[in-house]
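# Descriptive structure summary
Residue-level listing of the chains:
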Amino acid sequence: MKGVFTALINSFDEKGNINEQGLREIVRYNIDVSQVDGLYVNGSTGENFMLSPEEKKKVFEIVKDEAGEEVELIAQVGALNIFEAKELAAYATDLGYGALSAVTPFYYKFDFEEIKDYYNSILEDVDNQMLIYSIPALTGVNMDLKQFGELFENEKITGVKFTAPDFFLLERLRHAYPEKLIFSGFDEMLLPASVLGIDGAIGSTFNVNGRKAKDILKAVHSGDLNEARKLQKESNDLITAILGNGLYQTIKEVLKDKGVDAGYCRQPMKKPNDEQVSGAKEISRTFLN
Ligand code: HMN
């Protein structure tokens with residue numbers, strides 16, 4: 001489990017139902033064109049927290065059916081309903097997902113003992129590995145080095161998806177737990193994270209920019225920092241444009257411009273307005289030719 005993993009975007013029809021054919025096309029585009037090493041399924045980018053448990057299962061199924069053994073698959077199963085999280089963990093494991101991931105429980109101010117119990121409970125009946133999904137900006141959950149260490153005591157917890165701009169903590173984690181997997185989560189910070197020795201990255205913009213992300217990792221590994229900086233600058237021009245035009249809507253509209261039926265976001269996310277649609281076309285043609 002290493003390299004560039006796409007946080008897979010989802011496809012919904014105009015009414016908000018999962019568009020199976022569109023989702024299959026997104027998977028294919030990621031494997032065939034973006035050429036990523038793996039897919040992170042039902043993450044934030046997949047609009048996971050707006051799906052029912054049955055829909056989450058359906059997404060796991062469709063993606064596995066389409067991707068087969070072509071790339072590595074990670075199933076994000078985190079949910080505030082612990083029974084749901086456990087059920088999804090078992091379901092994705094049975095489908096053949098090579099790893100699970102679970103967002104830190106959010107909304108209520110859970111204390112660390114409760115967070116630890118959440119991970120250990122999800123894993124108690126399941127034979128799979130788990131990456132902690134840490135994204136403090138969205139969850140409000142900040143864990144320190146010692147707390148990560150306590151979670152890592154469970155041998156099934158093999159790593160972390162680290163979506164935070166805290167390079168001090170990232171370096172301390174890398175140093176303290178060389179055997180654990182660390183995936184960085186901010187695509188615009190891939191270069192500095194990779195210099196610190198991450199195992200890979202998981203991100204939304206890799207749906208359309210996966211090849212360049214892989215080239216950044218390659219340049220860093222071969223010690224060519226000038227090349228890595230050039231590629232990160234090019235990626236950040238793209239990411240700046242995507243963020244300025246609406247993240248998920250723009251990724252979907254760019255994919256549509258490439259012939260992929262990426263559909264719409266689910267309510268309460270908005271449909272893109274005309275300006276966003278033409279902005280995305282321009283992004284597609286300017287940065288992703
Ligand atoms: C997921 O769960 O979908 C992701 O892995 C999220 C991922 O870390 C993204 N973070 C957020 O959207 C908050 C990044 O890829 C992010 O979209 C990108 O770096 C642009 O800021």
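These figures come from a predicted structure and were not determined experimentally.

## A closer look at the overall build of the chain
Secondary structure summary: the chain contains 12 helices and eight strands in total. Taking 19 Å as the expected radius of gyration for a compact globule of 289 residues, we find that the chain reaches 18 Å, a close match to that expectation. For the chain, with 289 residues in total, the buried portion stands at 57%. The long-range fraction of contacts in the chain, counting pairs at least 24 apart against all pairs at least 6 apart in sequence, stands at 71%. Looking at charge distribution, the chain has the averaged site of its 32 positive side-chain charges lying 4 Å from that of its 46 negative ones.

## Re the sheet that holds strand 7 (residues 181-184)
What the eight strands build is a closed barrel, ordered 1-2-3-4-5-6-7-8; its pairing is parallel. Adjacent strand axes in the sheet meet at a mean angle of 25°, parallel and antiparallel pairs treated alike. The sheet contact formed by strand 1 (residues 3-7) and strand 2 (residues 38-41) spans three bridges and is parallel. Paired with T6 across the strands is L39, a residue of strand 2.

## Notes on the side chain of K161
Residue position: K161 is located in strand 6 (residues 157-162). Although K161 lies buried, it forms no salt bridge, and the closest oppositely charged side chain, D187, sits 7.2 Å away as judged by the N-O distance. A distance of 2.9 Å separates polar atoms of two side chains, one belonging to K161 and the other to T163.

## What to know about the nonpolar core
Ranked by internal contacts, the top residues of the largest apolar core, which has 93 residues, are L39, V63, V77, L100, Y119, I132 and L255. In this structure, V77 is in contact with F60, A85, L88, A89, L100, S101, A102 and I122, ignoring residues within four places of it in sequence.

## Focus on the packing of aromatic side chains
As enumerated under the stated definition, the model contains nine aromatic pairs in all. Measuring from centroid to centroid gives 5.1 Å for Y107 and Y108, while their planes differ by 85°, and the two rings are edge-to-face. On the basis of relative accessible area, Y108 is assigned to the exposed category, the value being 53%. Arranged with centres 5.1 Å apart and planes meeting at 75°, the rings of F152 and Y177 form a pair that is edge-to-face.

## Focus on the UniProt feature "binding site: aceneuramate" (unreviewed entry) in the chain
Under the UniProt annotation, the feature "binding site: aceneuramate" (unreviewed entry) is placed at S44, T45, T163, G185, D187, E188 and S204. Checking the named residues against the largest cavity, the ones that line it are G185. Examined against the element boundaries, T163 turns out to sit in the loop between strand 6 and helix 7 (167-176). Classification of T163 as buried rests on a relative accessible area of 4%. Residues contacting T163, with those up to four places away along its chain left out, are Y133, S134, I135, P136, G185 and F186. Within the element layout of this structure, G185 appears in the loop between strand 7 and helix 8 (190-195). With a relative accessible area of 10%, G185 lands in the buried category. Not counting residues within four places of it along the chain, the set of residues in contact with G185 comprises K161, F162, T163 and I202.

## Comments concerning the layout of surface pockets
Considering only enclosed or pocket space, the largest pocket measures out at about 600 Å³ in volume. In this structure, the largest pocket is lined by 31 residues; those nearest its centre are S44, Y133, I135, L138 and Y248. Elements supplying a minimum of two residues to the lining of the largest pocket: helix 5 (136-139), strand 8 (200-203), helix 10 (225-245) and helix 11 (247-257). With three residues, helix 5 is the largest single contributor of residues to the lining of the largest pocket. By residue class, the composition of the lining of the largest pocket is 17 nonpolar, 10 polar and four charged. The computed volume of the second largest pocket comes to approximately 180 Å³. Together, Y29, V33, V208, N209, G210, R211, K212, K258, F287, L288 and N289 line the second largest pocket. Considering every element that reaches the lining of the second largest pocket, the biggest residue donor is helix 9 (residues 206-221), with five residues. When its residues are assigned to classes, the lining of the second largest pocket shows five nonpolar, three polar and three charged.

Conventions used here
- Residues numbered from 1 in each chain as written.
- Predicted model: local features only at pLDDT ≥ 70, side-chain atom pairs only at ≥ 80, totals over all residues.
- Heavy atoms only, no water.
- Helix = DSSP H or I, 4+ residues; strand = E, 2+ residues; numbered from the N terminus.
- Rg over C-alpha atoms; globule rule 2.2 N^0.38 Å.
- Buried < 20%, exposed > 50% of the residue type's maximum accessible area, 1.4 Å probe, protein only.
- Contact = heavy atoms within 4.5 Å.
- Lys, Arg positive; Asp, Glu negative; His and termini not counted.
- Charge placed at Lys NZ, Arg CZ, Asp CG, Glu CD.
- Pairing = 2+ DSSP bridges.
- Axes fitted to C-alpha atoms, helices over the stretch in contact; angles between N-to-C directions.
- Salt bridge = Lys/Arg side-chain N within 4 Å of Asp/Glu carboxyl O.
- Polar contact = N/O pair within 3.5 Å; in protein donor to acceptor, adjacent residues only side chain to side chain.
- Core = buried A, V, L, I, M, F, W, Y, C linked by side-chain atoms within 4.5 Å.
- Phe/Tyr/Trp six-rings, centres within 6.5 Å; stacked < 30°, edge-to-face > 60°.
- UniProt positions renumbered as here; feature names shortened; annotations may be inferred.
- 1 Å grid on protein atoms, 1.4 Å probe; cavity = no way out; pocket = protein on both sides within 12 Å on 5 of 7 lines; lining within 4 Å.
- Points joined across faces, edges and corners; volume = space filled by probe spheres on them.
- Nonpolar A, V, L, I, M, F, W, Y, C, P; charged D, E, K, R; others polar.

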